[in-house]
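# Working through the structure, step by step
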Amino acid sequence: DGVCITGSRQIYNMSCAGGEDECRASILALSLEDLQRHPFAVEMRGVLAGYAGCKDLIVTHSITDDGTGHIDMYLKILDDDRVLLGEYRAPFDNDFQEENAVLMNDNAAYLEAYVKPDGGRFQVARLPMPGHRRVEDWWGTYDVPFTYINSTFFNGLNLWPAFTFGDWRASRDEAEAI
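Below: a short report on this structure. (Residues numbered from 1 in each chain as written. Predicted model: local features only at pLDDT ≥ 70, side-chain atom pairs only at ≥ 80, totals over all residues. Heavy atoms only, no water.)

### Quick word on the overall build of the protein chain
- In terms of regular secondary structure, the protein chain is built from five helices and nine strands.
- The N-to-C order of helical and strand elements in the protein chain reads β-α-α-α-β-β-β-α-β-β-β-β-β-α.
- Taken against the 2.2 N^0.38 rule, which gives 16 Å for 178 residues, the C-alpha radius of gyration of the protein chain at 17 Å falls within 12% of a compact globule.
- When the backbone C-alpha atoms are referred to their principal axes, the protein chain occupies close to 45 × 40 × 30 Å.
- Counting only residues that meet the buried cut, the protein chain has 41% of its 178 residues in that class. (Helix = DSSP H or I, 4+ residues; strand = E, 2+ residues; numbered from the N terminus. Rg over C-alpha atoms; globule rule 2.2 N^0.38 Å. Buried < 20%, exposed > 50% of the residue type's maximum accessible area, 1.4 Å probe, protein only.)

Put into structure tokens, the structure is as follows:
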């Protein structure tokens, strides 16, 4: 349908073009409505229109604690009408999950209300976000967010990350059913 979707981290990254000292963290705190009108979003909308034929660009809230900033950690376009979006649920393991729950709920409401260029609307299915695991490496010790959404469709199959941690069994079963 010509609709492209990106995350706020991409808009934030554009603000860093002159180096990390110029990054504008305030971008990440903008409402979804303000993100759509931000000068970097307007610029990206024009670039993607010319490069990829996008008729519009939706900027969603990115999750706050993902090291990559990639949208595939929390959102997947299933087809022209359906979007799969991560869902964080209480009880939360950390403050990031609680903040991400609000951001993803805002994304869901925005995407459901969005009117596509053809006049249609998106159906938004939610998929549980399994949680975090503590990782220790040469950068230190930190919590890493995991996702079931970052998957690949091929030959009628969906190859998805299905973790075998015992305490994630219920969310994995739910994700598989969805």
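Having seen the model, we can carry on.
### Section: the sheet that holds strand S4 (residues 82-87)
- Taken together, three strands build an open sheet; the order of strands is S3-S4-S5 and the sheet is mixed. Looking at the sheet topology across the chains shown, the edges are occupied by strand S3 (75-77) and strand S5 (123-128). The sheet shows a mean angle of 25° between the axes of neighbouring strands, direction not considered.
- Bridging between S3 and S4 involves three bridges; their strand directions are antiparallel. Bridge pairing in S4 places Ile77 opposite Val83.
- Running at roughly 160° to S5, helix H4 (residues 95-113) makes contact with S3, S4 and S5 of the sheet. (Pairing = 2+ DSSP bridges. Axes fitted to C-alpha atoms, helices over the stretch in contact; angles between N-to-C directions. Contact = heavy atoms within 4.5 Å.)

### Some thoughts on helix H3 (residues 39-52)
- A rise of 1.5 Å per residue sets the reference length of H3, with its 14 residues, at 20 Å; its end C-alpha atoms lie 19 Å apart and thus fit the reference within 8%.
- All of the buried residues in H3 are Phe40, Ala41 and Met44. Summarising the axial view, the buried residues of H3 lie within an arc of 90°, below the 170-degree limit, and thus occupy one face. Opposite its buried face, H3 presents the exposed residues Pro39 and Gly50, each directed more than 90 degrees away.
- Considering only its buried residues, H3 is in contact with strand S1 (3-7), helix H1 (8-14), helix H2 (32-37) and strand S2 (56-60).
- Just downstream of H3 lies Gly53, where phi reads positive at about 75°. (Expected span 1.5 Å × (residues − 1). Arc of directions from axis to C-beta.)

### Examining the state of the cysteines
- Summed over all chains, the structure comprises two disulfides.
- What pairs with Cys4 in a disulfide is Cys54, and their sulfur atoms sit 1.8 Å apart. Handedness of the Cys4-Cys54 disulfide follows from its S-S torsion of about -65°: it is left-handed. With Cys4 in strand S1 and Cys54 in the loop between H3 and S2, the pair connects residues that are 50 residues apart, well separated along the chain.
- Residue pairing for Cys16: its cysteine sulfur links by disulfide to Cys23, the two sulfurs lying 1.9 Å apart. Across the S-S bond of Cys16 and Cys23 the torsion is about 135°, and the bridge reads as right-handed.
- Take the cysteines of the protein chain that form disulfides and number them in order along the sequence; they join up as 1-4, 2-3. (Disulfide = S-S within 2.5 Å.)

### Brief notes about the pattern of salt bridges
- Enumeration according to the criterion identifies 10 salt bridges in this entry.
- Here Lys116 and Asp1 are joined by a salt bridge, their closest N and O atoms 2.7 Å apart. Taken together, the residues span a long stretch of sequence, with Lys116 in the loop between H4 and S5 and Asp1 in the segment before S1 at a distance of 115 residues.
- By relative accessible area, which is 34% here, Asp1 ends up partly exposed.
- Between Asp34 and Arg37 there is a salt bridge whose closest N-O contact spans 2.6 Å. A residue pair is termed a helical-turn pair when its members lie 3 or 4 positions apart in one helix, as Asp34 and Arg37 do in helix H2 at three residues.
- Taking the relative accessible area as the measure of exposure, Asp34 reaches 35% and is therefore partly exposed.
- Each of Asp1, Asp81 and Lys116 takes part in a single network of salt bridges with overlapping partners. (Salt bridge = Lys/Arg side-chain N within 4 Å of Asp/Glu carboxyl O.)

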